[in-house]
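Residue strings, one per chain:
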Amino acid sequence: MSVDVSEILKALDNPTRLAILAWLKDPGKNFPEQDVDPDEFGVCVSFIQERVGMSQSTVSLYLAALQRAQLVTSRRIGPWTYYKRHEKNIAAFLQKLHELI
């Protein structure tokens, strides 16, 4: 991964997006109502939306920003989209940030 620190920092410069990324760190604990294994498949956008309490379109924009920054990946299963953290890219970002500051 070529780390774009600026793009990642922009994506994280929003309390809700930061919270979503934090919740996805332990999806089984934070989204226990989900039927499929969140560690394997990720978390369905509808559960994230419910937890955030915002419109579907806003949550989708937030998730798109996190995905553009390569902090999350998405997987489509039927009509639903599931999101999970991209741990390798998050680790690369943290390493790059450590090197810079």
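Definitions and limits used
- Residues numbered from 1 in each chain as written.
- Predicted model: local features only at pLDDT ≥ 70, side-chain atom pairs only at ≥ 80, totals over all residues.
- Heavy atoms only, no water.
- Patch = residues over 30% accessible without salt bridge, like charges linked within 9 Å, V, L, I, M, F, W, Y side chains within 5 Å.
- Areas by Shrake-Rupley, 256 points an atom, 1.4 Å probe, with all protein chains shown as cover.
- Salt bridge = Lys/Arg side-chain N within 4 Å of Asp/Glu carboxyl O.
- Lys, Arg positive; Asp, Glu negative; His and termini not counted.
- Charge placed at Lys NZ, Arg CZ, Asp CG, Glu CD.
- Helix = DSSP H or I, 4+ residues; strand = E, 2+ residues; numbered from the N terminus.
- Pairing = 2+ DSSP bridges.
- Contact = heavy atoms within 4.5 Å.
- Axes fitted to C-alpha atoms, helices over the stretch in contact; angles between N-to-C directions.
- Core = buried A, V, L, I, M, F, W, Y, C linked by side-chain atoms within 4.5 Å.
- Buried < 20%, exposed > 50% of the residue type's maximum accessible area, 1.4 Å probe, protein only.

(A) Quick peek at a negative patch on the surface. Together, Asp26, Asp37, Asp39 and Glu40 give the surface a local cluster of negative charge. Position of Asp26 relative to the elements: it lies in the loop between α2 (15-23) and α3 (27-30).

(B) Representation of unusual backbone geometry within the structure. Despite not being glycine, Gln70 shows a phi value in the positive range, around 65°. Looking at where Gln70 falls in the secondary structure, it is placed in the loop between α6 (56-68) and β2 (72-77).

(C) The arrangement of the sheet that holds strand β1 (residues 43-44) in detail. Read from one edge to the other, the open sheet built from 3 strands follows the order β1-β3-β2, with strand pairing classed as antiparallel. Where the open sheet ends on each side, the last strands, each with one partner, are β1 and β2. Across 2 bridges, the pairing between β1 and strand β3 (residues 80-85) is antiparallel. Bridging across to β3, Val43 finds its partner in Tyr83. Set on the sheet, α6 makes contact with β2 and β3; between it and β2 the angle comes to about 120°.

(D) Structural view of the nonpolar core. Counting 26 residues, the largest nonpolar core has Ile20, Leu24, Ile48, Leu63, Leu66 and Leu71 as its most contacted members. When residues of this core are traced back to their parent elements, those giving at least two are α1 (5-12), α2, β1, α5 (45-52), α6, β3 and α7 (87-100). What Leu24 contacts, discounting residues up to four positions off in sequence, is Phe31, Val43, Ile48, Val72, Tyr83 and Arg85.

(E) Quick look at the pattern of salt bridges. All chains considered together, the criterion is met by 2 salt bridges. Between Arg68 and Glu7 there is a salt bridge, with the nearest N and O atoms lying 3.7 Å from each other. Taken together, the positions of Arg68 in helix α6 and Glu7 in helix α1 put the pair 61 residues apart, joining distant regions of the chain. Accessibility expressed as a relative area gives 22% for Glu7, which makes it partly exposed. Across the salt bridge formed by Glu87 and Arg85, the nearest N and O atoms sit 2.6 Å from each other. What makes Arg85 buried here is its relative accessible area of 14%.

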